[in-house]
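Spelled out, the chains give:
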Amino acid sequence: MQVLKFGGTSVGSVENMINVADIINTTTKKIVVLSAMSGTTNALVSIAESIKNTEVLSANHQIQVLYDIYKATCKQLLSNTEFYKGVLKYIELTFENLSSLTRKAYSEQLYNQIVSQGELLSTQLFNAYCNSKKINSIVLPALDFMRIDRSQEPDSFYIKKNLERALNQLPETDVYITQGFICLDALGNVSNFKRGGSDYTATIIGSAVNAEEVQIWTDIDGVHNNDPRFVQNTTPISDLSYDESAELAYFGAKILHPQTVLPVRLQQIPVRLKNTMAPKAYGTLITQNSKGDGIKAIAAKDGITAIKIKSARMLLAHGFLKKVFEIFDRLETAIDMITTSEVAISLTIDNDENLTSILKELREFCFVEVEEHHSIICLVGHAIVDHPDTHKLFQILQDINVRMISYGGSKNNISLLVNTSDKVETLSKLHRYIFE
Ligand code: ADP
Ligand code: ASP
Ligand code: MG
């Protein structure tokens with residue numbers, strides 16, 4: 001069984017959906033995971049925010065705009081087929097339901113219900129188009145098998161059991177189309193894998209069915225060696241290891257959801273990134289093996305807060321670090337980077353939800369300084385810490401205002417902390433120096 005995931009741009013227009021149908025129209029049995037059409041999840045998030053701010057008029061206006069887009073897409077994709085009316089009815093019901101939510105009291109559950117509609121819509125539209133082209137496909141509702149447990153982790157046992165049952169009930173089908181991103185939580189409420197989560201859906205499914213390969217089809221020809229949104233002349237990387245791609249995804253390479261490779265690395269299921277607009281391009285193959293030495297790619301993660309903690313007793317007496325880490329642990333805040341000196345430690349977090357409580361507790365026994373609006377620049381490769389070319393890095397660092405460096409924590413990664421306002425310049429300078 002193959003698992004193929006298509007992202008927002010890949011299903012973002014009638015033309016692209018037709019392309020996707022061509023790509024999946026082969027003889028292999030497959031599960032196709034779809035994102036919402038591009039722009040839809042952003043629009044749904046904005047509708048949910050308007051409801052939160054009790055801006056009912058604005059919410060209704062945005063619902064109408066989105067409704068018009070879906071009606072037009074449905075007409076263009078299906079109007080001359082017997083499937084048109086059925087899907088139009090589905091769209092009408094979805095938007096009636098959305099309108100009825102605008103006067104409800106806002107809650108996280110309401111938000112999750114609203115943002116789940118994008119994937120539900122795209123899968124209905126696409127499946128009807130496939131059927132109109134005589135592809136033997138069916139929609140496999142993700143909420144029938146995709147669930148997270150109390151610690152927000154995929155409930156692997158439940159997923160495998162229910163997905164297998166669903167597949168076994170439909171043995172004649174060639175293409176099972178399901179929603180990325182959405183799932184149930186441990187209480188049975190609609191939830192999701194956070195923004196960009198359809199990649200994660202694909203590998204969770206890949207692991208559950210022990211797929212021969214998971215393919216992630218997007219709008220670019222694989223993982224590039226730097227962020228193409230900020231740097232010119234980036235190039236695709238043909239091979240990455242699970243470790244390297246995990247570091248890149250975690251440290252900001254938007255092309256992959258941070259958890260993408262986790263579900264498949266133990267079973268060593270390859271993950272292949274492909275470009276829907278250029279299916280012949282090689283893309284990137286992610287496996288257990290790493291090819292090539294030295295720095296392979298650079299990524300950046302924004303929204304980082306740096307915290308400098310100075311022991312009130314001047315020296316880092318034993319037990320001090322334990323006390324500090326215990327506070328972050330208890331307040332469920334992950335630490336990304338850390339450096340220490342004799343009297344102080346600096347660390348970074350990307351989630352400041354509990355920052356006020358953390359600072360209150362730390363200030364009971366330390367001096368604390370907080371700096372916001374930072375970015376982590378992450379350099380990833382195979383054994384880069386040992387590579388002779390890595391010393392080049394220190395020559396360029398003199399031109400960059402670096403707040404922290406993490407070197408040697410892993411052989412595959414060097415991280416720098418800079419002000420977000422210096423991010424683009426830092427990425428570009430590093431790119432020129434390392435890759436050009
Ligand atoms: P999809 O909707 O298919 O999931 P995403 O927008 O989530 O696509 O991811 C693809 C985008 O990621 C690319 O268009 C590109 O702008 C951005 N991106 C950021 N960093 C990288 C990188 N290192 N390599 C490739 N693309 C990247
Ligand atoms: N539609 C969701 C999002 O835009 C999930 C995804 O595309 O992966 O974040
Ligand atoms: Mg994505």
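Residues numbered from 1 in each chain as written. Chains lettered and ligands numbered in written order. Predicted model: local features only at pLDDT ≥ 70, side-chain atom pairs only at ≥ 80, totals over all residues. Heavy atoms only, no water.

**Some words on the site of ligand 2**
For clarity, the threshold we go by: Neighbouring residues are identified by heavy atoms, a residue being near a molecule or strand if any of them is within 4 Å of it. Whenever two N or O atoms come within 3.5 Å, that pair is a polar contact, provided that in protein one can donate a hydrogen and the other can accept it, and provided that, for residues adjacent in sequence, both atoms are side-chain atoms. Here, Shrake-Rupley sampling with a 1.4 Å probe gives the accessible areas, and only protein chains in the shown set may cover a residue. Classification convention: Asp, Glu, Lys, Arg as charged; Ala, Val, Leu, Ile, Met, Phe, Trp, Tyr, Cys, Pro as nonpolar; all other residues, Gly among them, as polar.
Near ligand 2, the surroundings consist of Ser-35, Ala-36, Thr-41, Glu-119, Phe-181, Arg-195, Gly-196, Gly-197 and Ser-198. Take Arg-195: an N or O atom from its side chain is 2.7 Å from an oxygen atom of ligand 2. The contact in question runs from an oxygen atom of ligand 2 to an N or O atom on the backbone of Ser-198, over 3.0 Å. When ligand 2 is considered free in solution it has 260 Å² of accessible area, and contact with the protein chains removes 86% of it. Its residues placed into classes, the shell around ligand 2 shows two nonpolar, five polar and two charged.

**Quick notes on the pairing of strand S7 (residues 213-218)**
Our working rule: For each residue, the accessible area found with a 1.4 Å probe, counting protein chains only, is set against the maximum for its type, and the residue is called buried under 20%, exposed over 50%, and partly exposed in between. Helix and strand definitions here come from DSSP, where helices need a minimum of 4 consecutive H or I residues and strands a minimum of 2 consecutive E residues; each element is numbered from the N-terminal end. Following DSSP output, two strands are said to pair if at least two bridges run between them.
With six of six residues buried, S7 lies mostly within the body of the structure. Residues of S7 alternate between two faces, with Glu-213, Gln-215 and Trp-217 on one and Val-214, Ile-216 and Thr-218 on the opposite face, all of them buried. For strand S1 (residues 2-6) and S7, the ladder comprises five bridges, and the chain directions are parallel. By the bridge assignment for S7, Gln-2 is matched with Glu-213.

**Some details on the pattern of salt bridges**
Inclusion rule: Salt bridge, as applied in this entry: a Lys or Arg side-chain nitrogen positioned within 4 Å of an Asp or Glu carboxyl oxygen.
On inspection of all chains with the given rule, the structure shows 17 salt bridges. Measuring nitrogen to oxygen at the nearest pair gives 3.7 Å for the salt bridge that ties Lys-71 to Asp-68. Note that Lys-71 and Asp-68 are positioned in helix H3 (residues 56-78) at a spacing of three residues, about one turn of the helix. The exposure class of Lys-71 is partly exposed, given its relative accessible area of 29%. For Arg-265, the salt bridge is made with Asp-243, and the minimal N-O distance between the two is 2.3 Å.

**Description of helix H11 (residues 320-330)**
An α-helical turn contains 3.6 residues, so a residue and the one three or four places further along point in the same direction. Applicable threshold: Think of it as the arc spanned by the lines of direction from the helix axis to the C-beta atoms. In what follows, residue pairs with any heavy atoms lying within 4.5 Å of each other are defined as contacts.
Among all positions of H11, only Phe-320, Val-324, Ile-327 and Phe-328 are buried. Angularly, the buried residues of H11 cover 95° about the axis, an arc narrow enough to put them on a single face. Summarising the geometry of H11, the exposed residues directed more than 90 degrees from the buried face are Lys-322 and Asp-329. Residues of H11 that are buried make contact with strand S11 (294-311), strand S12 (335-340), strand S13 (344-349), helix H12 (355-362) and strand S14 (366-382). A positive phi of about 50° marks Glu-332, the residue just after H11.

**Focus: H3**
So the rule is basically this: In a helix, the anticipated span is given by 1.5 Å times the number of residues less one.
Compared with an ideal rise of 1.5 Å per residue, which puts 23 residues at 33 Å, H3 spans 32 Å between its outermost C-alpha atoms and is within 8% of the ideal. Tucked into the core, H3 has its buried residues touching helix H1 (14-24), helix H2 (40-52), helix H4 (84-101) and helix H6 (117-132).

**Quick word on the sheet that holds S14**
Put simply, the rule is: Where helices are involved, their axes are fitted lines through C-alpha atoms of the stretch in contact, as for all axes, and angles between N-to-C directions lie from 0 to 180°.
A sheet is described by the order of its strands in space; here six strands give the open sequence S12-S13-S11-S14-S16-S15, paired in antiparallel fashion. A strand with exactly one partner marks an edge of an open sheet, and here the two such strands are S12 and strand S15 (402-410). Within this sheet the neighbouring strands show an average axis-to-axis angle of 30°, counted without direction. Pairing of S11 with S14, which is carried by 14 bridges, proceeds in the antiparallel orientation. Pairing of Gly-294 across the sheet is with His-382, part of S14. The strands touched by helix H14 (residues 423-435) are S11, S14 and strand S16 (413-419); relative to S11, the strand with the most contacts, the crossing angle is about 140°.

**What to know about the pairing of strand S10 (residues 284-287)**
Here S10 shows two buried faces, one formed by Thr-284 and Ile-286 and the other by Leu-285 and Thr-287. Sheet topology places strand S8 (residues 239-241) next to S10; three bridges connect them, and they run parallel. From the neighbouring strand, Asp-239 faces S10, where its bridge partner is Leu-285. Both strand S9 (residues 271-275) and S10 contribute to a ladder of three bridges, which runs antiparallel.

**Let's talk about the environment of Asp-221**
The topology assignment puts Asp-221 in the loop between S7 and S8. Owing to a relative accessible area of 25%, Asp-221 belongs among the partly exposed residues under this scheme. Separated by 56 residues in sequence, Asp-221 and Met-277 have C-alpha atoms that sit 8.6 Å apart. When sequence neighbours within four positions are dropped, the list of residues in contact with Asp-221 reads Pro-236, Asn-275, Ala-281 and Gly-283. A distance of 2.9 Å separates the side chain of Asp-221 from the side chain of His-224, its partner in a polar contact.

**Some thoughts on the nonpolar core**
For the record, the criterion: Nonpolar core, defined: a set of buried Ala, Val, Leu, Ile, Met, Phe, Trp, Tyr and Cys residues in which side-chain atoms within 4.5 Å join the residues together.
Counting 97 residues, the largest nonpolar core has Phe-6, Ile-24, Leu-78, Phe-95, Leu-125, Phe-126 and Met-146 as its most contacted members. Per-element accounting of this core gives the leading share, eight residues, to H3. Apart from residues lying up to four places away in sequence, Phe-126 is in contact with Met-17, Val-20, Ala-21, Ile-24, Leu-34 and Ile-177. Within the second largest apolar cluster, 18 residues are counted, among which are Val-231, Leu-379, Leu-416 and Ile-434.

**Side note on the packing of aromatic side chains**
As a reminder, the rule being used: Put simply, two rings from Phe, Tyr or Trp (the six-membered ring, in Trp's case) pair if the centres are within 6.5 Å, and we call them stacked under 30 degrees between planes, edge-to-face over 60, tilted for the rest. Only when the NZ of Lys or the CZ of Arg is both within 6 Å of the ring centre and within 35 degrees of the ring normal is a charge said to sit over the ring.
Scanning the model with the defined rule gives seven aromatic pairs in all. Through a chain of ring-to-ring contacts, the aromatic side chains of Tyr-67, Tyr-70 and Phe-95 assemble into a single cluster. Between the NZ or CZ atom of Arg-147 and the centre of the ring of Tyr-158, over which it lies, the distance is 3.8 Å. Over the aromatic face of Tyr-282 sits the side chain of Arg-272, whose NZ or CZ is 6.0 Å from the ring centroid.

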